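# Summary of the model geometry
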Amino acid sequence: MIEYRNLRVALLGAGSVGSQVARLLLEQGDEFASRIGARLELVGIAVRDVDASRDVDLPRELFTTDASSLILGADIVVELMGGIEPARGYVLEALNSGADVITANKALLATHGPELFEAAEQVGAQLYYEAAVAGAIPIIRPLRDSLAGDRINRILGIVNGTTNFVLDRMDIHGETLQDALATATDRGYAEADPTADIGGYDAAQKAAILASLAFHTTVPLERVYREGITSVSKAQVDAAREAGAVIKLLAICERLTDRETGEEGVSARVYPALISRDHPLAAVHGAHNAVFVQSAAAGDLMFYGAGAGGVETASAVLGDVVSAARRHVVGGPGVAESTHADLPVLDIGRVVTRYQITLDVEDQPGVLAAVARILSDGGVSVETVQQSVPSHTGPVVIAGNAEPSAARPIHGGATPTATLVIGTHEAEEAALAATVEALAASDVVIAISSVLRVEGS
Ligand SMILES: NC(=O)C1=CN([C@@H]2O[C@H](COP(=O)(O)OP(=O)(O)OC[C@H]3O[C@@H](n4cnc5c(N)ncnc54)[C@H](O)[C@@H]3O)[C@@H](O)[C@H]2O)C=CC1
Ligand SMILES: N[C@@H](CC=O)C(=O)O
Ligand code: NA
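Everything numeric in this text was worked out from a predicted model, so none of it was measured. (Residues numbered from 1 in each chain as written. Chains lettered and ligands numbered in written order. Predicted model: local features only at pLDDT ≥ 70, side-chain atom pairs only at ≥ 80, totals over all residues. Heavy atoms only, no water.)

### Some words on the site of ligand 1
Close to ligand 1 lie 21 residues; A14, V17, G188, E191 and G309 are nearest. In the model, an oxygen atom of ligand 1 is placed 2.8 Å from a nitrogen or oxygen of the A14 main chain. G15 places a polar main-chain atom, nitrogen or oxygen, 3.2 Å from an oxygen atom of ligand 1. Here ligand 1 has 830 Å² of accessible area as a free molecule, and 85% of this is covered by the chains. Class assignment of the residues belonging to the shell around ligand 1 gives a composition of 10 nonpolar, eight polar and three charged. (Near = heavy atom within 4 Å. Polar contact = N/O pair within 3.5 Å; in protein donor to acceptor, adjacent residues only side chain to side chain. Areas by Shrake-Rupley, 256 points an atom, 1.4 Å probe, with all protein chains shown as cover. Nonpolar A, V, L, I, M, F, W, Y, C, P; charged D, E, K, R; others polar.)

Here you go:
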């Protein structure tokens, strides 16, 4: 027997995710009422254009362009518009009025999170955001609640569905980045501006959110090192496959000790990296995501599932709606953000990982020794070297995200060339970058065609 009054839900946005949330709220009203002990009443849906065509058939009378009026008097506001403004203003309006807010907006959380959490705390409202990281996969709640008694040391994951879809298509079907991105956009995986996906911005926002939660430290978005996938070439994808590896866009958040100062800090970074085909992350296909969490007591945990997609993401949003609604009905404490550790966020230069450097050299006696000397002088220790002859002279890439520069001509055009693929042991990023510059400046090196980090050992 339901006695609690109806809970008024205002929905902002009816795109890929919002339209599915609205459909499920309407279709599963009785089921939700039983789970919550109160009926959820969808009071309206704010959109830019009430007459726009939508994939989902929803009652026209629910639509409005007046978001502020909807927010007024709502118990729960679901923000699925995306972007910073006006979403930020509406979320603040909702929180200040005492409504709980559910959002999937990682761009907003990663840039204005502290302001929003503060506003929520002031009035005792709650801000829920399970859908903001890794779509349908439960990862926010496990980090915030289930692992609240543990110490998280590292998070390694694929957290952007669009780029995983694109890299997968480039790898398996030989598609171009542009064609694969068009399909991802059609399927509702991509952001309104897909540059956010392929430029690594979306993954960086998620890394900032994950690192902040995991390390009880506010990690500002601008301290997250970011490289997207726009410079990943077909040649790199093909070479990775031939070598039994695959390129994935990874988000990595970890505790680090600065080798120079001994200071403990955290690092959050996003870049395309090589991982072995044997690694479980290599088996994450399409728009799926996977997040590995390494913690002191629980050990290794893996979270896997749909990282993007309208109906899949709606699941995470509705989970938050039900939680918020149950809090209205049965009470209980909310969850405050925990940033007490306040650890420094370390620069990318302090990160330690392995690398694969592919370079074209003159095929002459002594060249290998000269290359080995440059690496050793730079403090970068070589694990493997493979050589093939002949080679092309591709563009020079000085660092992972640097713009390619023109290859130097081979004098006289007759010098035989060879391609060296060097795998390094772990090295500090700063040492590696300086060594790659020294290699590029060396007379024996014709071109550096690829520098990739190697993760997941
Ligand atoms: N599509 C996906 O797979 C996932 C999306 N998200 C996040 O969910 C949010 C929504 O994403 P999508 O549904 O894909 O976006 P979308 O672009 O498909 O839909 C956005 C909706 O918001 C409305 N809207 C936008 N600006 C507005 C404004 N100024 N005033 C009124 N209405 C406005 C639009 O009319 C549209 O109905 C974003 O924050 C996105 O990052 C999170 C996880 C997965
Ligand atoms: N554009 C995002 C959507 C989910 O967050 C992605 O592709 O992962
Ligand atoms: Na999630």
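### Structural notes on the coordination of the sodium ion (ligand 3)
Coordination sphere of the sodium ion (ligand 3), protein contribution only: E130 (O), E130 (OE), V133 (O), G135 (O) and I137 (O), at 2.4 to 2.7 Å. Within one chain, the residues serving as donors to the sodium ion (ligand 3) are arranged as E-x2-V-x1-G-x1-I. Here G135 matches I137 in class, with each residue buried. (Donors = N, O, S within 2.8 Å, 3.2 Å for Na, K, Ca; no water. Buried < 20%, exposed > 50% of the residue type's maximum accessible area, 1.4 Å probe, protein only.)

### Quick notes on helix α11 (residues 234-242)
Restricting attention to buried positions, one finds in α11 the residues Q236, V237, D238 and A240. On its buried face, α11 is in contact with α7 (161-172), β9 (245-257), β10 (264-276) and β17 (445-454). After α11 finishes, the residue G244 shows a positive phi value of roughly 75°. (Helix = DSSP H or I, 4+ residues; strand = E, 2+ residues; numbered from the N terminus. Contact = heavy atoms within 4.5 Å.)

### A closer look at the environment of S16
Its location among the elements puts S16 in helix α1 (residues 16-27). Taking the C-alpha atoms as reference points, S16 and A268, separated by 252 residues in sequence, lie 29 Å from one another. Apart from residues lying up to four places away in sequence, S16 is in contact with G188 and G310.

### Thoughts on a nonpolar patch on the surface
Together, L368, V382 and V385 line one region of the surface with nonpolar side chains, adding up to about 220 Å² of accessible area. Tracing the backbone through its elements, the reader meets L368 in helix α13 (residues 367-377). (Patch = residues over 30% accessible without salt bridge, like charges linked within 9 Å, V, L, I, M, F, W, Y side chains within 5 Å. Salt bridge = Lys/Arg side-chain N within 4 Å of Asp/Glu carboxyl O.)

### Re the site of ligand 2
Neighbouring ligand 2 are the residues K106, N160, G161, T162, Y189, A190, E191, D197, D202, K206, G307 and A308. Within the contact set of ligand 2, an oxygen atom lies 2.5 Å away from a side-chain nitrogen or oxygen of K106. Interatomic distance of 3.4 Å between a side-chain N/O atom of N160 and an oxygen atom of ligand 2.

### Looking at the side chain of T163
You can see T163 is positioned in helix α7. When residues no more than four places from it in sequence are discounted, the contact partners of T163 are D197, I198, I229 and L249.

### Comments concerning the nonpolar core
Counting 76 residues, the largest nonpolar core has V77, I139, L143, I155 and V293 as its most contacted members. Residues contacting I139, with those up to four places away along its chain left out, are E130, V133, A134, L210, V291, V293 and F303. (Core = buried A, V, L, I, M, F, W, Y, C linked by side-chain atoms within 4.5 Å.)

### Structural notes on the sheet that holds strand β1 (residues 7-12)
Strands sit in the order β3-β2-β1-β4-β5-β6 across an open sheet of six strands; the sheet is parallel. Pairing within the sheet leaves two strands with one partner each, and these edge strands are β3 (63-64) and β6 (127-128). Note: strand β5 (residues 100-103) against β6, two bridges, orientation parallel. Each residue of the ladder has a partner; that of V101, found in β6, is L127. Relative to strand β2 (residues 40-46), α1 is tilted by about 155°, and along the sheet it contacts β1 and β2. (Pairing = 2+ DSSP bridges. Axes fitted to C-alpha atoms, helices over the stretch in contact; angles between N-to-C directions.)

### Focus: the environment of I45
Secondary-structure assignment places I45 in strand β2. For I45, a relative accessible area of 0% puts it in the buried group. Once the C-alpha coordinates of I45 and L11 are considered, the two residues, 34 residues apart in sequence, prove to be 4.7 Å apart. Not counting residues within four places of it along the chain, the set of residues in contact with I45 comprises L11, G13, A14, A22, L58, L62, F63, T64 and L70.

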